[in-house]
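Descriptive structure summary
So you can see what is in the structure, the chains are spelled out below.
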Amino acid sequence: MTSELLEIQPRELKFTFELKKQSSCSVQLGNRSDQYVAFKVKTTSPKKYCVRPNIGIIRPKATCEFTVTMQAQKVAPPDLQCKDKFLIQSTVVPFGTTDEDITSGMFSKESGKYIDEKKLRVVLISPPHSPVLLPNNGELKKDSSYDAPLHKNIAQNGIENIPPPQRLAEDVADFQPAKDMEELKAAKDAEARHVDNAMNFESAKEAVEPKLVKDLEELKSKLQLTSSKLQEADHTITKLTKERSAAIREKDILKHEVELLRRKRMKRIQVGFPLLYVCMVALISLAFGYLLHP
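Notes on the structure follow. Note that this is a predicted model, so its numbers are computed, not measured. (Residues numbered from 1 in each chain as written. Predicted model: local features only at pLDDT ≥ 70, side-chain atom pairs only at ≥ 80, totals over all residues. Heavy atoms only, no water.)

**Here's the deal with the overall build of the protein chain**
Which entries qualify depends on this criterion: Each helix corresponds to a stretch of at least 4 residues labelled H or I by DSSP, and each strand to a stretch of at least 2 residues labelled E; elements are numbered beginning at the N terminus. Remark: exposure states derive from per-residue accessible area (1.4 Å probe, protein chains only) relative to the maximum for the residue type, with buried under 20%, exposed over 50%, and partly exposed in between. Residues count as neighbours in contact if any of their non-hydrogen atoms are within 4.5 Å of one another. Values of accessible area rely on a 1.4 Å probe in the Shrake-Rupley scheme; residue burial ignores everything except the protein chains shown.
From N to C terminus, the protein chain includes 3 helices and 12 strands. Expressed as a percentage of the 294 residues in the protein chain, the buried residues total 24%. At a minimum sequence separation of 6, the contacts of the protein chain that also span at least 24 residues come to 75%. Total accessible area on the protein chain is roughly 21800 Å²; 57% of this is exposed by carbon and sulfur atoms.

Here is the structure:
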């Protein structure tokens, strides 16, 4: 199959360029075949443009439209010349295929399927009553690279010269899948969150560093105080240990002395009878004698 699957209108994307403002244009795709055709939009600057929808299914003889939005730019290109390009790939798919069934493999040439590719260039137009953005000499300069056909070169003898497949593949390799509005918004939100997180981290770091230094100084002072208290406690424990040893020695000496006194007392008892005992025995003896001899 070598016929064109899609009819594309317009064949170039025109954007009204204004600094810090978005600009959009629409492209209409018409299915020229009697089969279901899937399309995919790619661009050389995916971060600069968003396409909605960037993929889709077109029924036989039906049309489909997608919108390309150029994000707000901070700097105007020289003479409003833009080298960005878009690539529209299309291929025949089975009857009843839906948008959810589209995969990247459908547009791979390695599968042997016929992939129709059309390139669209980007043209920037200055807004009315805006002399600041007007090109030199009041007119737009054409980029000589766009004067050549996108897919075919016509020789002087009227015979079509198809460029070498390798060079065409290299040109197509420069294109990347275009992002739709939701994907671009998500990417911007992620980038904004990353920037906010970085800024918050820096501010938090600036706010935390003095507190960390203060906490570190307080911790050092507390450690020094604890160390001095530990040394005092160690000295006190040593002193108490010595006093306890001295008390134990004194206790042992007193115990030994008490033991000696107890032994001396027992010896005295064993040497003779006590005086009271002797007196009692004498009194009993006198009484007994009186009774015997009245």
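**Observations regarding the packing of aromatic side chains**
So the rule is basically this: Pairs were defined over the aromatic rings of Phe, Tyr and Trp, the Trp ring being its six-membered one, requiring ring centres within 6.5 Å. Orientation was assigned from the angle between planes: stacked under 30 degrees, edge-to-face over 60, tilted for the rest.
Counted by the stated rule, this structure contains 4 aromatic pairs. For the pair Phe-39 and Phe-66, a centre-to-centre distance of 6.3 Å together with 25° between the ring planes defines the contact as stacked. Taken together, the residues Phe-39 in strand β4 (residues 36-43) and Phe-66 in strand β7 (residues 63-70) connect sequence positions 27 residues apart. The burial state of Phe-39 is the same as that of Phe-66; both residues are buried. When the centroid spacing of 5.0 Å and the interplanar angle of 75° are considered together, the rings of Tyr-49 and Phe-86 count as edge-to-face. Placement of the pair is Tyr-49 in strand β5 (residues 49-52) and Phe-86 in strand β8 (residues 85-93), with a sequence separation of 37 residues. Of the two residues examined, Tyr-49 and Phe-86, each falls in the buried class.

**Regarding helix α3 (residues 275-292)**
Residue pairs spaced three or four apart in an α-helix point in one direction, given the helix's 3.6 residues per turn. This is how it is decided: Here the expected span of a helix is defined as 1.5 Å times the quantity of residues minus one.
The first and last C-alpha atoms of α3 sit 26 Å apart over 18 residues, in line with the 26 Å expected at 1.5 Å per residue. With respect to burial, α3 is a largely exposed element, only 0 of its 18 residues being buried.

**With respect to the sheet that holds β5**
Note the following rule: At least two bridges found by DSSP between two strands is the condition for calling them paired. All axes here are fitted lines through C-alpha atoms, helices being fitted over the stretch that makes contact, and every angle between N-to-C directions spans 0 to 180 degrees.
Read from one edge to the other, the open sheet built from 4 strands follows the order β1-β3-β7-β5, with strand pairing classed as antiparallel. Of all the strands in the sheet, just β1 (6-9) and β5 have a single pairing partner and so form its edges. Mean inter-strand twist for the sheet, computed between neighbouring axes without regard to direction, equals 25°. Alignment of β1 against strand β3 (residues 23-31), held across 4 bridges, turns out to be antiparallel. In the strand pairing of β3, Leu-6 is matched with Asn-31.

**Regarding the nonpolar core**
Inclusion rule: Side-chain atoms within 4.5 Å link the members of a nonpolar core, which is a set of buried Ala, Val, Leu, Ile, Met, Phe, Trp, Tyr and Cys residues.
Counting residues in each nonpolar core, the largest one holds 27 residues, and the members touching the most others are Leu-6, Leu-13, Phe-15, Leu-29, Phe-66, Val-68 and Phe-86. Among the elements of the structure, β1, β2 (12-16), β3, β4, β5, β7, β8 and β9 (116-125) are those that each provide at least two residues to this core. Examining the composition of this core, we find that 4 residues originate from one element, β7, more than from any other. Residues Tyr-36, Ala-38, Ile-102 and Met-106 belong to the second largest nonpolar core, which totals 7 residues.

**A short note on the pairing of β3**
Residues in a regular strand point their side chains to alternate faces of the sheet. Here β3 runs beside β7; their pairing, made up of 8 bridges, is antiparallel. The partner of Ser-26 across the bridge, within β7, is Thr-67.

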